[in-house]
Amino acid sequence: MDNRPIGVFDSGLGGLTVLREILKVVPNENIIYFGDTARVPYGPRKLEEVREFVFSITHFLSQKDVKLMVIACNTSTAAALDALQARLPIPVIGVIEPGARTAVGHTANRRVGVMATRGTVESRAYDKAISKIDRGIKVYSVAAPKLVEYVEKGQLCGQALDGSIYDYIEPLLAKKIDVLIMGCTHFPLIEGRIAHLSGDNVKVISSAVETARDVKNILTKEGIAASGTGKPFRIFYETGKASHFYRVGKMFLGEEITDVVSIDLAM
Ligand code: DGL
């Protein structure tokens, strides 16, 4: 038994969609969430820069004595998963491998689409993760930066959003994909629109559920699950404006957020 918190982080609020799934399967765990809301989006940045941001976040979370680190951001996973696994003494989980696994499990015609940030697409992290499981699957990717902007603003429906989604998925649909990975933790918030516009022949998936399952499995395997006594705490750190976090964060997490601490990582 280990009551130290789990550290979960993202470039902003999108990682809360992963946290929501984690809380469903391990509700007794203490959680520290970090959203780098002052520097979001990570997607258009160079992966080297993202890696430096990730190092400073994980340094901060390590000082909070977390027992497990969850990179609830695809771009950060693409930039820094291997480096973190090599340098941290605790288990580190990313979202790309679980998403790849989910996609491979669902595709029948072995044609998978990925909609993600530019950083994730250019890293080819999904292509590599899928080909590790099944080399015969064809992967088609598209970078969808505008969708991150819509979601981060809390604009989750409307004609402009639909138009933007369709422009991104059209070339993937033309490739006859039967699975579309939302390779960005912001996209589950607009999953309904993405699924509607993709049509009935395409299964839209996120990595959140499978990532949460990995979290539970690792806690069990390592014997580090919380004892389950007392009310678990959830603390939210962010680098931007806390008011935005309360308002928009609630939509991502699906529950009230009460403890938000605004910090300056440079300090
Ligand atoms: N959360 C990021 C991801 O999953 C998307 C937002 C960003 O560009 O920072 O890649």
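For the structure itself, consult the block above.
Just so it is clear, the model here is predicted, and its values are computed rather than measured.

Let's shift gears to the site of the ligand. Lining the immediate surroundings of the ligand are 14 residues, of which Asp10, Ser11, Tyr42, Gly43 and Thr75 lie closest. Between an oxygen atom of the ligand and a side-chain N or O atom of Ser11, the distance comes to 2.6 Å. Between His186 and the ligand, the recorded distance is 3.3 Å, taken from a side-chain N or O atom to a nitrogen atom. Compared with its free state, where it exposes 290 Å², the ligand has 100% of that area covered by protein. In terms of residue class, the shell around the ligand is built from six nonpolar, seven polar and one charged.

With the rule as written, the count across this model stands at 15 salt bridges. When the shortest N-O distance is used, the salt bridge between Arg101 and Glu97 registers 2.7 Å. Taken together, the residues Arg101 and Glu97, both in helix H4 (residues 96–106) and four residues apart, mark about one turn of the helix. Between Glu210 and Arg213 there is a salt bridge, and its shortest N-O distance comes to 2.9 Å. Taken together, the positions of Glu210 and Arg213, both in helix H10 (residues 208–222) and three residues apart, correspond to about one turn of that helix. Note on Glu210: relative accessible area 15%, which makes it buried. For Arg213, a relative accessible area of 44% gives the class partly exposed. Linked by salt bridges that have partners in common, Glu97, Arg101, Glu210, Arg213 and Asp214 make up one network.

On to the sheet that holds strand S10 (residues 260–262), then. Judged by pairing direction, the sheet is parallel, and its six strands sit side by side in the order S4-S3-S1-S2-S9-S10 without closing on themselves. Strands with a single pairing partner mark the edges of an open sheet, and in this sheet they are strand S4 (92–93) and S10. Bridge count for strand S9 (residues 234–238) against S10 is three bridges, and the pairing is parallel. By the bridge assignment, Tyr237 is partnered in S10 with Val261. Against the sheet, helix H2 (residues 47–63) contacts strand S1 (6–10), strand S2 (31–35), strand S3 (68–71) and S9, and its axis sits at roughly 155° relative to S1.

Locating Ile57 in the fold gives a position in helix H2. A relative accessible area of 0% means that Ile57 is categorised as buried. Counting along the chain gives 47 residues from Ile57 to Asp10, while the straight-line C-alpha distance between them is 9.3 Å. Sequence-distant contacts of Ile57, defined by excluding residues within four places in its chain, comprise Phe9, Phe34, Asp36, Tyr42 and Leu265.

Moving on: the pairing of S3. The alternating pattern of S3 places Leu68 and Val70 on one face and Met69 and Ile71 on the opposite face, and all of these are buried. Of the strand pairs in this sheet, S1 and S3 are connected by four bridges, and their pairing is parallel. The partner of Gly7 across the bridge, within S3, is Met69. Examined bridge by bridge, S3 and S4 share two bridges and lie parallel to one another. Along S4, the bridge assignment pairs Val70 with Ile93. Of the crossover connections in this fold, the one passing from S3 over helix H3 (residues 74–87) to the parallel S4 is right-handed.

How each quantity is defined
Residues numbered from 1 in each chain as written. Predicted model: local features only at pLDDT ≥ 70, side-chain atom pairs only at ≥ 80, totals over all residues. Heavy atoms only, no water. Near = heavy atom within 4 Å. Polar contact = N/O pair within 3.5 Å; in protein donor to acceptor, adjacent residues only side chain to side chain. Areas by Shrake-Rupley, 256 points an atom, 1.4 Å probe, with all protein chains shown as cover. Nonpolar A, V, L, I, M, F, W, Y, C, P; charged D, E, K, R; others polar. Salt bridge = Lys/Arg side-chain N within 4 Å of Asp/Glu carboxyl O. Helix = DSSP H or I, 4+ residues; strand = E, 2+ residues; numbered from the N terminus. Buried < 20%, exposed > 50% of the residue type's maximum accessible area, 1.4 Å probe, protein only. Pairing = 2+ DSSP bridges. Contact = heavy atoms within 4.5 Å. Axes fitted to C-alpha atoms, helices over the stretch in contact; angles between N-to-C directions. Right-handed = clockwise from strand over helix to strand, strands pointing away.

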